[in-house]
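As a plain string of letters, each chain reads:
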Amino acid sequence: MWFGKTLLILGVACVMWKSVFGCNAGFAVNGSDCIDMNECDNASALCGNHSRCLNTNGSFFCECLPGYRNRNGKSSFTTDGQCRDINECTDNTKICGPFAKCKNMMGSYNCTCKFGYVKINSSNAGPCEDIDECTKAKNEAICGKEGSCRNTNGSYWCECSEGYTNYGNERTPCSELNCERFSADSRHAQSLLDLADILSMMKNSCLALSGSITSGEGKSEGDALLEKLLTAADSILSPGPLDSSEGVSGLLSTVENSILLIGPQLKHNITKIETAETDAQIAIQRGRTPPTGPIYLTNENAALSTDWKTAAGTGTYPGFALAALLSYKNLEGSVNGSFEELKEDENDDMSFQIFSKVVSVVVSNPSTQNLSHNVTITLRHLQEIKESPELSYICAYWKEKGAWSTDGCHQQQSNATHTVCTCKHLSSFAVLMALYPMEPDFGLLVVTKIGLVISLLCLILSILTFKFCRSIQGTRNTIHLHLCICLFVADLIFLVGISQTTPEGGCKFVAAMLHLFFLGVFTWMLLEGVQLYRMVVLVFNATIRPLYLYVTGYGTPLVIVIISAIIRPNGYGTDRHCWLSSDLIWSFFGPVCFIIILNVFFFIITVWKLAQKFTSLNPDLSKLHKIKAFTVTAIAQMCVLGLMWVFGAFLFQKGLTPVEYIFTILNSLQGALVFIMHCLLSKQVREEYINILCTPQMKKRSDFSSTNPSSSQSQGSRSGQHTGESQI
């Protein structure tokens, strides 16, 4: 009885305890019982990402998923449960074995077999084993007809019979070599004796590759052999232009054949090398199947655009494909001729000139005369000149017999700096500038000759007047005299020699003389502006010593011409006229613009000072009126001469015939203007002319009229004016 009551009391106490105080941690009340709580129902909040939750009686714990570990290194945890990826590739560098590359992944890793190996099983982490290509390709001619396959770890080698080679490369089938093309008795060797060293070097290398010689004499790495080849080519080209077109053909063909032999031996897929005379870029792709995709090779003077299918060809694939672009920096001087075939196809009167660097394009395709797709070659011009009715650019290639031809090549587009050529075969290429003969403008020739003859006659009269007319002698007269001399010589040379483009030396001399004397005209015109300025601003000693005038008037243009000739000796003379080329023309227009600006400054100051003197209290009106007249004529002279050379800047450009007429008319007016303004409009000069031309009877009448007092008075006044003018 007592025991039963005790149990009842304990039961009631237990129920009251659970209802008041609850169950222990990890348990939940279920009626009168405490049952385990499954904390893993909210696992992501408890354990974090990349983990799993495990429930226990009254508790739980977390574990990281395979491929992850707790950041504190714990295998199980209930708090601070961040799981991070395990980088199996760094933790165990040998996890994939020696023949595979390990790539880490989130929670895992992947083993990728190296080339020539395959996985033993389908597992991503499985080991790799060597592929026996020789056994696998037993029924295929993997090494060609003259090669036997030898398997190696991860690859295979083709062992070739004598006369065949794998170019020292694994996985490359045996190709037949023709070493006789490098023979010293070949036609190329006979055309250019200096080729003997190159041919000998390349033949030894060819024989070493083919196994015909066992010594190491001919063996050389591809990169070193390429450098030796181009260095030997430099020694042939550096002395100057080659003597014959046959020699050029021999050099081009030998270098192209050599690149075909060297290319497969190069280590890198792209090889660039530049020497003093050449600039080469070679691309090569190797593999069991022909490569695909575009090819773009470029250097300073040219660019090649084609594709690997064209480079490899459609015949038997030798295990590699090659494309090369080779520019010759100075070969154009050796091939600037041999245009006979072009003249037969075109007009005999046309003239041609090489207008780009010579470029060779080489591919491993043996059928280069009939390509599956056209190749595009962009060539940079030697000078910036646009096409015109008189000039066009032609894409041409060098034929092996030593002549330029356009067969199979045409111009796709062209501008002043580049021409894009499209060709269906390969060789050595260049852009030719074709000059079409133009009939001279008969009307312009007549106007030019008549105008210049009139100008020369007027200048002769002006020179004689300034030289022998005593009443006008002075600084200003000296300036006019030498201005007329420079203009006379320039117009005479222009009339006789502007179109005499041959011989070249004579044309350069004519251009230099025109440069010198036309600059002299402007220099003497500047001295006239300086003299007028001194006359108005300086009260005393306004004259300039003749020595200073000569040094400035002739020395300054001479210095400019000498400097121009030193900097750009080829700038004198063009294909059409004996004048300055486009890259030298500013050695004329630069000084001319500077002189005109200075003269405008001097004339502004002169006019301003004249206006001040006219408004002064005691102006010397006779002297001021003379200076005013001098200034007006000088400004008019500068305007006509300056305007003439505004049109002269465009004189020798094509399609501007009206400009040529305007320049010629203004050029002829220049001599007439000097004669009219400085001679006919001068009262003193007119009187000198009368004294020379009048008959004795007219002179007696003049003497009789001078006895008249009023006449004497006027004569005295006139004499005073003459004296004042001559002093000026």
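Residues numbered from 1 in each chain as written. Predicted model: local features only at pLDDT ≥ 70, side-chain atom pairs only at ≥ 80, totals over all residues. Heavy atoms only, no water.

Among the nonpolar cores identified, the biggest contains 53 residues, and Phe518, Trp579 and Phe588 are the most heavily contacted of them. Mapped onto this core, the elements with two or more residues apiece are α11 (442-468), α12 (475-497), α13 (504-537), α14 (546-567), α15 (586-614) and α17 (657-680). With 16 residues, α13 is the single largest residue contributor to this core. With 52 residues, the next largest nonpolar core counts Ile198, Met202, Ile262 and Ile354 among its residues. (Core = buried A, V, L, I, M, F, W, Y, C linked by side-chain atoms within 4.5 Å. Buried < 20%, exposed > 50% of the residue type's maximum accessible area, 1.4 Å probe, protein only. Helix = DSSP H or I, 4+ residues; strand = E, 2+ residues; numbered from the N terminus.)

A word on the packing of helix α6 (residues 196-210) against helix α8 (residues 245-262). For any two helices packed against each other, one specifies the crossing angle of their axes together with the interaxial distance. Direction vectors running N to C along α6 and α8 enclose 25°, while the axes themselves pass 11 Å from each other. As far as their axial angle goes, α8 and α6 are roughly parallel. For α6 against α8, the interelement crossing comes out left-handed. Judged by residue contacts, Ile198, Leu199, Met202, Ser205, Cys206 and Leu209 of α6 engage Thr254, Ser258, Leu261 and Ile262 from α8. Across the contact of α6 with α8, the residue classes break down as 7 nonpolar, 3 polar and no charged. (Axes fitted to C-alpha atoms, helices over the stretch in contact; angles between N-to-C directions. Parallel < 35°, antiparallel > 145°, perpendicular 65-115°, else oblique. Left-handed = near helix turned anticlockwise from the far one by under 90°. Contact = heavy atoms within 4.5 Å. Nonpolar A, V, L, I, M, F, W, Y, C, P; charged D, E, K, R; others polar.)

This part takes up the state of the cysteines. Inspection of every chain in the model, using the stated rule, returns 14 disulfides. Across the disulfide from Cys395 sits Cys421; the S-S distance is 2.0 Å. Across the disulfide from Cys395 to Cys421, rotation about the S-S bond amounts to roughly -80°, and the bridge is consequently left-handed. Separated by 26 residues along the polypeptide, Cys395 in strand β23 (residues 391-399) and Cys421 in strand β26 (residues 418-423) bring together distant segments of the chain. Free of any disulfide, Cys486 has its nearest neighbouring cysteine sulfur in Cys484, separated by 9.6 Å. (Disulfide = S-S within 2.5 Å.)

Moving on, we come to the packing of α6 against helix α7 (residues 222-237). Between α6 and α7, the shortest axis-to-axis distance is 10 Å and the interhelical angle comes to 165°. Here α6 lies roughly antiparallel to α7, going by the angle between them. The two elements α6 and α7 meet at a crossing, and its hand is left-handed. Only Leu225, Lys228, Leu229, Ala232, Ala233 and Ile236 of α7 make contact with α6, whose side of the interface consists of Ile198, Met201, Met202 and Ser205. A per-class count over the contact of α6 with α7 returns 8 nonpolar, 1 polar and 1 charged.

Before going further, it helps to spend a moment on the pattern of salt bridges. With the rule as written, the count across this model stands at 10 salt bridges. With a shortest N-O distance of 3.1 Å, Arg52 and Glu63 are connected by a salt bridge. Of this pair, Arg52 sits in strand β3 (residues 51-56) while Glu63 sits in strand β4 (residues 59-64), and the two are 11 residues apart along the sequence. Residue Arg52 is classed as partly exposed on the basis of its relative accessible area of 46%. Between Glu504 and Lys508 there is a salt bridge, with its nearest N and O atoms 4.0 Å apart. Placement of both Glu504 and Lys508 in helix α13 is noted, with a separation of 4 residues, approximately one turn of the helix. The exposure class assigned to Lys508 is partly exposed, which follows from its relative accessible area of 22%. (Salt bridge = Lys/Arg side-chain N within 4 Å of Asp/Glu carboxyl O.)

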